[in-house]
Amino acid sequence: MDMELRRISETSRSAIVLILLLCVHVAHSFYLPGVAPQDFEKGDELKVKVNKLTSIKTQLPYSYYSLPFCQPKKIVDSTENLGEVLRGDRIENAPYSFKMREAQMCNVLCRVTLDEKTAKAFKEKIDDEYRVNMILDNLPLVNPVDRGLGSPDVVYQIGYHVGLKGQYAGSKEQKFFMHNHLAFTVRYHRDVQTDSARIVGFEVKPYSIKHEYDGKWSEKTRLTTCDPHTKRLVVSSLTPQEVEPKKEIIFTYDVDFQESEVKWASRWDAYLLMNDNQIHWFSIVNSLMIVLFLSGMVAMIMLRTLYRDISRYNELETQEEAQEETGWKLVHGDVFRIPTNSDLLCVYVGTGVQCLGMVFVTMIFAVLGFLSPSNRGGLMTAMLLLWVFMGLFAGYASSRLYKMFKGTEWKKIAFRTAFLFPAVVSSIFFVLNALIWGQKSSGAVPFGTMFALIFLWFGISVPLVFVGAYLGFKKPAVDDPVKTNKIPRQIPEQAWYMNPVFSILIGGILPFGAVFIELFFILTSIWLNQFYYIFGFLFLVFVILIVTCAEITVVLCYFQLCSEDYRWWWRSYLTSGSSALYLFLYAAFYFHTKLQITKLVSAMLYFGYMLIASCAFFVLTGTIGFYACLWFTRLIYSSVKID
C-alpha cells in the first residue's frame with residue numbers, strides 16, 4: 001500500500017513538474033499581437049516615426065507636420081486603431097535615416113527660412129510648451145533629465161520641447177529659441193550567439209544652435225558649427241537659434257548606439273518608473289487599510305444588530321407584543337411598494353450594469369497585461385467595444401427590474417436604456433469635438449471614426465440591449481418576500497440626520513475615500529501625459545470600492561427602515577452614486593492646483609470629459625448600492641415571520 005502511495009506521489013510530482021515546464025515554455029514564447037520583438041542586424045534600416053505634438057497647458061494635440069518641420073519626400077500615415085484616433089495620435093513617417101549600430105554625426109536634415117506665419121506658429125507652440133513625440137520600434141522617445149538635489153537618478157520625460165523661451169545676457173526682452181539639433185541615443189541589447197540586436201531604449205537630448213557655414217548654401221555645404229571631420233560637435237546651446245521672420249534655421253541630428261544590459265522584455269521599465277513609487281505604493285496601501293478597517297467595523301455592527309433584531313421579532317408571540325413592535329418590521333407592508341419614476345430607475349440600473357461589466361472586464365484584461373502602455377490605444381478601444389457588447393446585460397437588468405415593478409411594455413424600457421445615457425454622453429462629446437475642430441487640433445475625431453462610433457452604437461449596442469431586454473422579460477418576475485398593503489403607511493417625522501439630502505451626501509464620502517488617492521495618479525496619467533500601469537492595485541481598489549458602496553448603502557438603508565421610512569429605492573441608488581459629486585469636485589480641485597491650463601477651450605475640454613467620467617461613476621456606484629440594498633431588504637424581510 002505504501003509503495004503504491006509513493007508511486008502515485010512520484011507520478012504526481014512528475015506531472016506537476018512537466019506542467020510547470022510547459023507553462024514556462026509557453027510564457028517565453030507568448031507575445032501580444034503587434035508587440036512581438038524584432039531583431040535587427042547591423043546596418044538594417046530603422047524606421048523612425050513622428051507622433052502628435054502635445055502640451056499639458058492646452059491639452060490640444062496637433063499633427064507633427066502642422067509645423068513647418070523637415071518633411072520626407074512622401075508623408076505616409078500609419079494604420080491606427082480606434083483608441084489611437086480618439087486620443088489624437090497621428091503617427092507618420094519621419095525624414096530621419098537610422099541604420100542599426102551605425103553612428104551618425106551632424107546629419108543635415110533640411111534648411112528652412114521662416115516667414116511671418118511660420119514664425120508665429122513656432123512661437124505659439126513654444127509659448128504653450130508643446131512637446132514633439134516620436135516612436136522607434138514601438139518605443140516612445142524620451143528626454144532624460146536629472147532629478148536634481150544631488151540625486152544621481154534621472155527622470156524620463158516623454159518627447160522633447162519644440163523650443164524654449166529666454167533672454168540674452170543684459171537684455172530683458174523675451175525671445176523664442178528653436179531646438180533644431182537633436183542628439184539621439186538608441187540603446188540595444190545584443191544576442192551574443194546571433195549578433196542580432198533588439199532596441200531597448202530611444203532617448204534624445206535637444207539643443208538650440210545657430211548653425212553657420214561658409215559661402216552659399218548647397219546640399220554639400222559643410223557646417224562650421226557642427227562638423228564630424230573637424231570633431232566639432234554640438235554639446236550645448238550657448239549660441240541658440242532664434243525664431244523670427246526671415247531667420248534661417250538648419251535642422252541637424254546625431255545618432256549614437258549604445259549596448260545595454262536591459263533585455264527586451266524589461267525595456268518599458270524605465271518609462272514606467274517615472275514617479276516616486278514609494279509614495280505611490282504607500283498611499284495606496286494606506287488608503288486600502290483604512291477602507292478595509294472601516295468595512296470590517298461596519299460589517300460586524302450590522303451582523304450583530306440584525307441578528308438581535310430578527311431573533312427578537314421571531315420571538316414575539318402575542319398580538320399585543322406584535323402591536324408594540326418598532327423598527328424596520330413595521331414597514332413590511334410598504335417596503336416593496338413600487339417607487340415613483342420606476343421606469344427611469346430601471347434605465348439607470350441597466351446603464352450601471354453596463355458600466356460595471358465594462359470596467360470589470362477591462363480590469364481583468366489590464367491585469368493580465370493585454371492593455372499595457374506598449375499597446376497604444378488598446379485601453380480605450382477595449383473599453384469602447386466592451387461597452388457596446390455589455391448592452392446585452394444592460395437590457396437584461398433593466399427589463400428584469402421593470403417586470404418586478406409590474407411593467408408590461410418592455411420595448412419602451414429597452415429603448416430608453418439603449419439611448420438615454422449614450423445620448424447624454426454623445427451630446428457632450430460632439431460639443432467638445434466641435435471645440436477641438438475649431439482649434440484645428442488633431443484631437444478632433446474624423447468623420448470616418450465618427451461614423452464607426454455611430455455604427456457601434458446603433459448597429460451593435462442598441463440591438464444587443466433589445467435582445468437582453470427580451471430575454472430578461474421572458475423570465476418569470478421576481479416575487480416579493482412580503483405582500484404590499486393597498487394603502488401607503490404614513491411616514492413619521494424624521495430626525496435631522498435622516499434628511500434625504502444629508503444622508504445621501506454623507507453616503508458618498510466613504511466610496512470616494514476608497515479611490516481618491518488612486519484617482520490622483522489616474523488624473524496625472526491622463527492630463528499630464530504620463531503612463532499608468534499599476535492595474536493590479538487599481539483592480540484591488542475597484543473591489544474595495546464595490547464593497548464600500550454596498551456596505552455604506554446597506555447601513556444607511558437599515559437606519560432609514562428603522563426610522564419607518566420605506567422609500568429606499570431611489571435613496572439606495574443616490575447614496576453610493578453621490579460619490580460622483582465628490583469625484584467632480586476633486587477634479588475641479590486638481591484643475592486649480594496641478595494643471596496650468598489658461599485657455600477657455602482647454603478648460604471646457606477638461607471639465608467636459610470629467611463630467612462624462614463623473615456620470616459614468618454615478619451610474620456605476622449607484623447600481624452597486626441599489627443591488628446591495630435590494631439584496632439586503634429581501635434577505636431581512638424573508639427572515640422574519642409576518643402575520
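Residues numbered from 1 in each chain as written. Predicted model: local features only at pLDDT ≥ 70, side-chain atom pairs only at ≥ 80, totals over all residues. Heavy atoms only, no water.

Within an unreviewed UniProt entry, the label attached to the protein chain reads Transmembrane 9 superfamily member, and the organism entered is Brassica oleracea var. oleracea.

**Student:** Let's hear about the overall build of the protein chain: which residues, and what values?
**Tutor:** The helix and strand tally for the protein chain stands at 17 helices and 16 strands. Within the protein chain, buried positions represent 48% of all 643 residues. A fraction of 80% describes how many contacts in the protein chain between residues 6 or more apart in sequence connect residues 24 or more apart. Counting every atom, the protein chain has about 33500 Å² of accessible surface; 62% of that belongs to carbon and sulfur. (Helix = DSSP H or I, 4+ residues; strand = E, 2+ residues; numbered from the N terminus. Buried < 20%, exposed > 50% of the residue type's maximum accessible area, 1.4 Å probe, protein only. Contact = heavy atoms within 4.5 Å. Areas by Shrake-Rupley, 256 points an atom, 1.4 Å probe, with all protein chains shown as cover.)

**Student:** Explain unusual backbone geometry to me, and be specific about the residues and the numbers.
**Tutor:** Note: most peptide bonds trans; most residues except glycine with negative phi. Notably, Asn138 is not glycine yet its phi reads approximately 70°, a positive angle. Relative to the helices and strands, Asn138 is located in the loop between β6 (131-136) and β7 (139-140).

**Student:** Run through the pattern of salt bridges, naming residues and quoting values.
**Tutor:** All told, the structure shown has 19 salt bridges when counted by the stated rule. For Arg101, the salt bridge identified is with Asp195, shortest N-O distance 3.4 Å. Separated by 94 residues along the polypeptide, Arg101 in the loop between β4 (98-99) and β5 (104-113) and Asp195 in the loop between β13 (181-190) and β14 (197-207) bring together distant segments of the chain. Asp195 sits in the partly exposed class, given a relative accessible area of 33%. A salt bridge links Glu242 to Lys175; the shortest N-O distance between them is 3.3 Å. A residue pair is termed long-range when its members are at least 10 positions apart, and Glu242 in strand β15 (residues 241-242) and Lys175 in strand β12 (residues 175-178) qualify at 67 residues. (Salt bridge = Lys/Arg side-chain N within 4 Å of Asp/Glu carboxyl O.)

**Student:** Now, about the pairing of β14: what can you tell me, with residues and values included?
**Tutor:** Within β14, 9 of the 11 residues are buried, which leaves the element mostly enclosed by the surrounding structure. In the sheet, β13 pairs with β14 via 10 bridges, with the strands oriented antiparallel. Residue pairing across strands places Phe184 opposite Val204, the latter belonging to β14. Counting the residues that bridge the hairpin from β13 to β14 gives 6 residues, and of these Asp195 lies at a positive phi of roughly 65°. (Pairing = 2+ DSSP bridges.)

**Student:** Give a detailed account of a nonpolar patch on the surface, specifying residues and quantitative values.
**Tutor:** The grouping of Phe360, Ile364, Phe365, Leu368 and Phe370 at the surface amounts to a nonpolar patch, some 440 Å² of accessible area in total. Looking at the secondary structure, you find Phe365 in helix α7 (residues 342-367). (Patch = residues over 30% accessible without salt bridge, like charges linked within 9 Å, V, L, I, M, F, W, Y side chains within 5 Å.)

**Student:** Outline the packing of α7 against helix α8 (residues 378-389), supporting the account with residue identities and numerical values.
**Tutor:** Where α7 meets α8, the axes come as close as 9 Å, and the angle between the chain directions of the two elements is 140°. With respect to α8, the axis of α7 lies oblique. The hand of the α7/α8 crossing is right-handed. Taken together, the residues of α8 that come into contact with α7 (itself represented by Thr351, Gln354, Cys355, Met358, Val361 and Thr362) are Leu379, Met383, Leu386 and Trp387. The class makeup of the residues in the contact of α7 with α8 is 7 nonpolar, 3 polar and no charged. (Axes fitted to C-alpha atoms, helices over the stretch in contact; angles between N-to-C directions. Parallel < 35°, antiparallel > 145°, perpendicular 65-115°, else oblique. Left-handed = near helix turned anticlockwise from the far one by under 90°. Nonpolar A, V, L, I, M, F, W, Y, C, P; charged D, E, K, R; others polar.)

**Student:** Report on the sheet that holds strand β11 (residues 163-166), specifying residues and quantitative values.
**Tutor:** The strand order across the open sheet formed by 3 strands is β11-β12-β15, and the pairing between neighbours is antiparallel. Every other strand in the sheet has two partners, leaving β11 and β15 as the edge strands with one partner each. Of the strand pairs in this sheet, β12 and β15 are connected by 2 bridges, and their pairing is antiparallel. Within β15, the position partnered with Phe177 by the bridge is Glu242. Contacts from helix α3 (residues 116-127) reach β11 and β12, with the element oriented near 95° to β12.

**Student:** Provide a residue-level description of the environment of Ile249, including the pertinent values.
**Tutor:** With respect to the secondary-structure elements, Ile249 resides in strand β16 (residues 248-259). Each C-alpha atom of the pair Ile249 and Ile209 lies 9.1 Å from the other, and the pair is 40 residues apart in sequence.

**Student:** Can you break down the nonpolar core residue by residue, with the values?
**Tutor:** Grouped together as the largest cluster of nonpolar side chains are 92 residues, with contacts concentrated most on Leu345, Leu561, Trp568, Trp569, Tyr606, Phe626 and Tyr637. If you tally residues by element for this core, the top one is helix α17 (residues 600-637), at 14 residues. A domain split of this core shows at least three residues from each of domain 2 (337-476) and domain 3 (509-636). If sequence neighbours within four positions are ignored, Phe626 has contacts with Leu345, Val349, Leu401, Trp569, Ser572 and Tyr573. Judged by nonpolar contacts, the second largest core, of 57 residues, contains Tyr65, Met100, Val243 and Ile612. (Core = buried A, V, L, I, M, F, W, Y, C linked by side-chain atoms within 4.5 Å. Domains from an automatic or database assignment.)

**Student:** Mind laying out the packing of aromatic side chains, listing which residues take part and the relevant values?
**Tutor:** Enumeration according to the criterion identifies 48 aromatic pairs in this entry. For the pair Phe184 and Phe202, a centre-to-centre distance of 5.7 Å together with 15° between the ring planes defines the contact as stacked. Placement of the pair is Phe184 in strand β13 and Phe202 in strand β14, with a sequence separation of 18 residues. Look at Phe184 and you get buried, because its relative accessible area is 1%. Judged by its relative accessible area of 0%, Phe202 falls in the buried class. Aromatic rings pair up to connect Tyr64, Tyr65, Phe69, Phe122 and Phe251 into one cluster. Sitting above the plane of the Tyr62 ring, Lys125 keeps its charged end 4.3 Å from the centroid. Of note, Lys403 hangs over the ring of Phe473, and the distance from its end group to the ring centre comes to 5.0 Å. (Phe/Tyr/Trp six-rings, centres within 6.5 Å; stacked < 30°, edge-to-face > 60°. Lys NZ or Arg CZ within 6 Å of the ring centre and 35° of its normal.)

**Student:** Tell me about helix α12 (residues 500-507), residues and numbers included.
**Tutor:** The complete set of buried residues in α12 reads Ser503, Ile504 and Gly507. The buried side chains of α12 occupy one side of the element, clustering within an arc of 100° when seen end-on. As for α12, its buried residues are in contact with α13 (509-527), α14 (535-562) and α15 (569-577). One side-chain oxygen of the residue at the start of α12 lies 3.0 Å from the amide nitrogen of Val501, identifying that residue as Asn499. (Arc of directions from axis to C-beta. Polar contact = N/O pair within 3.5 Å; in protein donor to acceptor, adjacent residues only side chain to side chain.)

**Student:** Residue-level account of the state of the cysteines, with values.
**Tutor:** If you walk through the whole model with that rule in mind, you get 2 disulfides. At a sulfur-sulfur separation of 1.8 Å, the disulfide partner of Cys70 is Cys110. Here the disulfide of Cys70 and Cys110 is left-handed, its torsion about the S-S bond being about -75°. Here the residue Cys70 occupies a position in the loop between β2 (48-54) and α2 (82-87), and Cys110 occupies one in strand β5, the gap between them amounting to 40 residues. The same class applies to Cys70 as to Cys110, namely buried. (Disulfide = S-S within 2.5 Å.)

**Student:** Outline the environment of Phe617, supporting the account with residue identities and numerical values.
**Tutor:** Within the secondary structure, Phe617 is located in helix α17. By relative accessible area, Phe617 is classed as buried at 13%. Between the C-alpha atom of Phe617 and that of Ala580, which follows or precedes it by 37 residues, the distance is 5.6 Å.

**Student:** Please provide a residue-by-residue account of helix α10 (residues 410-438), values included.
**Tutor:** Between its first and last C-alpha, α10 extends 42 Å over 29 residues, near the 42 Å set by a 1.5 Å rise per residue. At Ala423, α10 is bent by approximately 30°, the largest bend along its length. Taken from the residues just after α10, Lys440 is the one with a positive phi, measuring 55°. (Expected span 1.5 Å × (residues − 1). Bend = angle between axes of the 7 residues up to and from the residue.)

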